[in-house]
Every structure is written in C-alpha cells, then in structure tokens.
Amino acid sequence: MLLERSALISRRGWLVFVSGFFEPVFYLVAMGQGLGSLVGALPGPDGAPISYAAFIAPGLLAASAMNGAVFDSTFNVFFKLKYAKLYDAMLATPLGPVDIALGEIGWALIRGGLYALGFLSVMAGFGLLTSPWALLALPAALVVAFAFAAVGMAATSFMRSWQDFDLVTLAILPMFLFSTTFFPLSVYPPVLQTVVQCLPLYHAVELMRGLTTGAVHVGMLGNLAYFAVMIVLGVAVASRRLDALLLR
Amino acid sequence: MAAIPTATRSAGRAPTPVGGVLLVVEHFWTWYRRNWRATAVSSILQPLLFLLAFGVGFGSLVGDSGATGGAPYLVWLAPALLAVSAVQSAAFESTYPVLSGFKWQRVYHAMAAGPITPGQVALGQLGWTTAKITGSGAVYIGVIAVFGGVARPTIVLSLLAAALTGAAVAALVTAFAATVESEGAAFNSLFRFVVVPMTLFSGTFFPVDRLPEWIRPVAWISPLWHGTELARDAALGIWRPLAVLGHVAVLAALLAVGTALSVRFFRRRLAL
C-alpha cells in the first residue's frame with residue numbers, strides 16, 4: 001500500500017526522481033576525467049593498478065546508495081511524520097507501525113536500486129566493470145541502502161525540528177569525503193586509518209570496489225556483517241519509536 | 001463623531017532610496033545576529049571538510065604534474081574553494097529564503113507595505129546576501145591560513161573575486177526565485193543541473209583543460225569559472241591584466257542583468 005502511494009507520488013515529481021541519477025554521473029565524468037589526469041593510476045583492492053575512474057566509480061556508487069537512502073529516510077519521513085501527518089492517517093487503517101517502517105524503507109530501496117542500476121550501466125558504458133562479480137554490485141548496493149535507510153529512519157524518529165537535520169549533514173558529508181571514496185586509505189596516518197575503517201560507508205566502498213574490479217575475498221563477509229547489524233538495529237529502533245510516537 | 005483627518009501623512013519621513021535598501025539589510029542583520037550559529041555548519045564547516053579531503057587528502061596523491069603551475073595542490077585549490085563556497089551559499093541563500101519572503105513568512109510584503117519600494121527590497125536582499133558571503137569568505141580565509149593554504153597576502157583580492165562571483169550568482173538566482181510559485185522541482189533541478197555541474201566543471205579541482213574538448217565551453221559560460229580564475233590568479237600572484245578585465249566584465253555584466261531582473265520581478269510580485 002505504502003509502496004504504491006510513493007510510486008504514485010513520484011510519478012508526479014518524476015523530474016526530481018530522474019535527476020537523482022545524474023548527480024553521480026556528473027561526479028564520475030568530472031572526477032574520473034579531470035582528477036584522474038592529475039593522479040594517474042592507483043593501486044586497486046588486489047594491489048594491481050587501476051585507473052582513477054575505476055577507483056572512484058565504485059566509491060560514488062556506494063556514496064549515492066547512502067545519500068539516496070539517507071535523504072529518503074530522514075527529510076522525507078520527517079515531513080510525513082510531522083507535517084503531512086500521513087502515518088497517523090495510515091494507522092487508522094489496518095496498517096501497523098512495522099508495516100509503515102518497512103514500507104518506507106522498501107520504497108527507498110526500490111528507488112536506490114534503480115539509481116544503482118542506472119549508474120552501473122554508465123560504468124559499463126565507460127568500460128569500468130572488469131569482472132562478472134560486478135553483477136553482485138546491485139544487490140550489494142541494495143543491502144547498503146537498506147542499512148542506511150533503517151538507521152536513518154531510526155534517527156529521524158528522534159528528531160525534534162529541521163535544525164536537527166544539520167546533524168544529518170554533519171554525519172553524511174564527512175563520510176562521503178573521507179571514506180576512501182576519492183583517495184585510498186593509505187594517505188591517512190595510522191590512527192585515522194582505524195577511525196575511517198569504523199565508518200559504515202568505508203565498508204560499502206570496500207564491498208563495491210571489490211566487486212566491480214573482481215577482487216573478491218572472504219573478508220567481504222565482514223563488510224556485509226557490518227550492514228546486517230545496522231539493518232537489525234535500525235529496523236528494531238525505528239519500529240519501536242514509531243510505535244511510541246504514533247500509538248500514544 | 002470625531003473628524004477623520006483627510007491628510008494621512010505620518011509623522012516619520014520616507015527613507016531615501018539608499019536608506020530604504022539599508023533598512024532591508026538591517027532587517028536580515030538583526031535576525032542573523034541572534035541566529036548565526038545555525039549557519040556555521042554550512043558556511044564554515046562544509047568548505048573546511050572539502051579543503052581537508054581534497055586539499056590535504058587528495059593533494060597528497062597529486063605530484064608536481066605541472067597542472068598547478070608548480071604550486072602545492074592545497075595552495076592551488078584553496079582560492080577556488082573560496083569561490084565555490086561563495087557561489088554555493090549565494091545560490092542557497094537566494095532560493096528557499098527568497099521564496100519564503102514571498103510565500104511563507106511574507107516579510108517582503110510586510111516591507112513593501114510601508115514606504116520601502118519593492119525595488120529596494122530586492123536590492124536589500126541582494127546586498128545582505130553579498131555581505132554575508134563576504135563575511136563567511138573572510139572567516140574561511142582564516143581557516144585556509146591555519147592549514148597552510150595561503151601563500152601570499154594577495155589572497156585578500158581572491159576574497160573580492162569570490163564576493164563578486166557570489167553576488168552575480170545571487171542576483172541571477174534571486175531573480176529566478178522571485179518567479180517561482182512553489183517549492184519542489186524548480187530548486188532541486190537548479191541545484192542538480194546548474195549548481196553541482198558548475199562546481200564540478202569550473203576548474204575547481206583540476207584545470208579545465210583536463211576535460212574532454214566538448215565539455216569545455218560549459219566552463220566559459222559558468223560564472224564560477226571566471227571567479228575561480230580571478231581568485232586563483234590573485235592568490236598565486238599571477239598578473240594577467242587582459243584576462244582579469246575580461247573575467248570582471250563578464251561577472252559585472254551577469255550581476256547587472258541579475259540585479260535588473262530581480263528588481264523587476266520583485267516589483268511585479270509585490271505590486272498587489
């Protein structure tokens with residue numbers, strides 16, 4: 001039900017919907033071409049040198065999965081919760097809080113999945129997919145988006161006003177810039193390397209970079225486990241909080 | 001029944017044209033003086049993070065490729081980031097806040113109900129935005145200096161370049177915002193298809209000649225490219241009189257067009 005509603009709405013605002021796909025592509029063209037010419041090749045996940053475009057493309061894919069999921073699950077959900085009173089209306093029907101949480105996350109996933117698919121085709125067009133493992137990048141992107149959407153929703157349920165969204169930016173932007181999206185872990189001093197390795201986006205980038213370049217190894221299960229924990233915690237907290245907020 | 005005075009003169013005097021504009025600026029300043037902390041994240045922290053990620057982090061990957069004219073990457077990048085942050089905050093300050101002045105808070109209507117003319121409201125809004133981005137720019141230069149991104153004192157001229165670029169963008173975007181009736185797609189598309197590509201393709205992070213041939217004309221029409229060139233030449237102490245003249249002329253022309261359109265659209269929308 002909730003899915004159908006979201007799909008209906010975005011058919012009206014299709015320009016905004018479609019434009020979300022262009023942003024990572026702009027980044028890929030500009031950064032891949034321009035910055036690439038400044039640095040040349042970089043060591044890939046398995047040590048073999050890869051072009052700079054091949055280096056940042058999976059990073060951008062991971063980052064766009066994160067951005068899309070977080071924006072959908074914070075700004076969007078907050079507006080519906082506080083202003084549109086949409087969920088209150090839904091609870092008057094047989095829908096329960098968990099249905100709402102999963103419905104919103106589900107829609108964020110469909111959207112994120114479409115963006116990821118678009119971006120992967122662009123990567124393929126530029127010849128940046130060098131391994132059949134890249135097919136798994138799409139489901140991986142969905143897992144990443146699921147995790148960020150779940151945690152984002154849980155966070156939104158604690159927000160009081162739009163001022164609190166500065167905190168969202170404060171969490172997202174540094175992650176986007178420092179999670180080895182644009183340059184490898186080795187440029188950091190050791191202490192900072194550990195910090196970076198704790199960030200969720202770092203694990204997403206690792207996962208994507210491994211898959212698109214074909215450097216697949218067992219350690220990637222660890223990256224996946226990180227997201228599994230995020231998902232479980234996020235959904236649990238989000239549905240409990242929605243319960244408290246809506247069924248007063 | 002008491003006589004109703006026929007002459008409805010108020011005791012005060014109507015402000016002079018400049019005085020009216022300054023009153024509008026003062027309105028925004030009064031608000032800002034109490035609420036500036038909320039803007040610290042977007043105006044200072046955001047450019048600082050970009051400086052760290054690209055100037056310091058990415059910069060460590062960039063060797064002396066000649067692309068930066070021999071300057072360290074951080075020193076080369078810093079004045080461009082100054083211009084970018086001026087343009088981004090100019091664009092943002094001129095979208096939702098302007099629409100809000102017309103639609104939600106209706107402060108423009110309130111101002112224009114008194115002796116202040118719609119034109120003065122428009123100029124006051126632009127004056128305030130420019131003053132604000134210049135102030136943030138000055139703070140940002142201090143931050144850059146702390147991280148070793150300032151090579152010579154001429155970076156003060158970069159601030160002028162950034163302010164001029166920001167003003168030009170603010171004027172154009174304000175004119176656009178004054179024609180927008182509802183939020184939603186219009187501003188989103190502006191950011192997605194104008195502001196973000198402008199940031200990426202205007203020679204901020206790498207020289208424009210590193211782009212494929214067909215995409216370079218995008219830079220020439222971008223106000224940010226002109227601003228970046230000016231700011232960078234100033235910061236690195238390069239003096240090319242003819243180029244400076246050209247860039248300043250383009251930016252001044254955009255500023256003039258944007259201002260004229262803003263005044264016009266404000267008049268149309270506030271004349272009830």
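Source: prediction; values computed, not measured. (Residues numbered from 1 in each chain as written. Chains lettered and ligands numbered in written order. Predicted model: local features only at pLDDT ≥ 70, side-chain atom pairs only at ≥ 80, totals over all residues. Heavy atoms only, no water.)

## With respect to the overall build of chain B
Across its full length, chain B holds 11 helices and zero strands. Each helix (α) and strand (β) of chain B, taken in turn from the N terminus, gives the series α-α-α-α-α-α-α-α-α-α-α. Its C-alpha atoms give chain B principal-axis dimensions of roughly 90 × 40 × 35 Å. The buried share among the 272 residues of chain B stands at 50%. For chain B, the proportion of contacts with a sequence separation of at least 24, taken over those separated by at least 6, is 78%. Element-wise, carbon and sulfur atoms account for 67% of the exposed surface of chain B, whose accessible area totals about 12800 Å². Computing the positive centroid from 18 side-chain charges and the negative centroid from 9, chain B places the two 13 Å apart. (Helix = DSSP H or I, 4+ residues; strand = E, 2+ residues; numbered from the N terminus. Buried < 20%, exposed > 50% of the residue type's maximum accessible area, 1.4 Å probe, protein only. Contact = heavy atoms within 4.5 Å. Areas by Shrake-Rupley, 256 points an atom, 1.4 Å probe, with all protein chains shown as cover. Lys, Arg positive; Asp, Glu negative; His and termini not counted. Charge placed at Lys NZ, Arg CZ, Asp CG, Glu CD.)

## Thoughts on the environment of alanine 80 of chain B
All names here are of chain B. Inspection of the secondary structure assignment puts alanine 80 in helix H3 (residues 73-93). A sequence separation of 147 residues divides alanine 80 from glycine 227, and the C-alpha atoms of the two residues are 8.1 Å apart. Residues in contact with alanine 80, not counting those within four places in the same chain, are Thr204, Thr228 and Arg232.

## Some thoughts on the side chain of threonine 129 of chain B
Residue and element names in this part refer to chain B. Mapping threonine 129 onto the fold places it in helix H6 (residues 118-146). Looking at threonine 129, its side chain comes within polar contact range of the main-chain oxygen of glutamine 125, at 2.9 Å. Sequence-distant contacts of threonine 129, that is, excluding residues within four places in its chain, are made with Ala90, Glu93, Ser94 and Ala170. (Polar contact = N/O pair within 3.5 Å; in protein donor to acceptor, adjacent residues only side chain to side chain.)

## Concerning the UniProt feature "transmembrane region" (unreviewed entry) in chain B
All names here are of chain B. Under the local residue numbering, the UniProt record ascribes the feature "transmembrane region" (unreviewed entry) to residues 38-61, 73-92, 133-151, 157-178 and 242-266. With 100% helix and 0% strand, the stretch residues 73-92 has end C-alpha atoms that lie 28 Å from each other. Secondary structure within residues 242-266 divides into 100% helix and 0% strand; the distance between the first and last C-alpha atoms comes to 36 Å. (UniProt positions renumbered as here; feature names shortened; annotations may be inferred.)

## Thoughts on a nonpolar patch on the surface
A contiguous nonpolar surface patch, about 220 Å² in accessible area, is contributed by Phe22 of chain A together with Phe193 and Val194 of chain B. Summarising the element assignment, phenylalanine 22 of chain A is placed in helix H2 (residues 14-39). (Patch = residues over 30% accessible without salt bridge, like charges linked within 9 Å, V, L, I, M, F, W, Y side chains within 5 Å. Salt bridge = Lys/Arg side-chain N within 4 Å of Asp/Glu carboxyl O.)

## A closer look at the UniProt feature "transmembrane region" (unreviewed entry) in chain A
All names here are of chain A. Under the present numbering, the feature "transmembrane region" (unreviewed entry) in UniProt falls on residues 12-30, 50-71, 112-129, 135-155, 167-187 and 215-238. Across residues 112-129, helical content stands at 78% and strand content at 0%; the span's end C-alpha atoms are separated by 20 Å. For residues 167-187, helix accounts for 57% and strand for 0%, while the C-alpha atoms at its two ends are 27 Å apart.

## Brief notes about unusual backbone geometry
The backbone of threonine 180 of chain A sits at a positive phi, close to 55 degrees, despite the residue not being glycine. Within the element layout of this structure, threonine 180 of chain A appears in the loop between helix H7 (165-178) and helix H8 (190-198). Overall, the relative accessible area of 2% leaves threonine 180 of chain A in the buried class. Of note, arginine 106 of chain B is a non-glycine position whose phi angle comes to about 55 degrees, a positive value.

## Overview of the packing of H6 of chain B against helix H11 (residues 241-270) of chain B
All names here are of chain B. Taken N-terminus to C-terminus, the directions of H6 and H11 make an angle of 130 degrees; their axes are 8 Å apart at the nearest point. One way to sum up the angle between H6 and H11 is to call them oblique. The handedness of the crossing between H6 and H11 comes out as right-handed. Contacts between H6 and H11 involve Pro118, Gly119, Val121, Ala122, Leu123 and Leu126 on the former and, on the latter, Thr259, Ser262, Val263, Phe266, Arg267 and Leu270. (Axes fitted to C-alpha atoms, helices over the stretch in contact; angles between N-to-C directions. Parallel < 35°, antiparallel > 145°, perpendicular 65-115°, else oblique. Left-handed = near helix turned anticlockwise from the far one by under 90°.)

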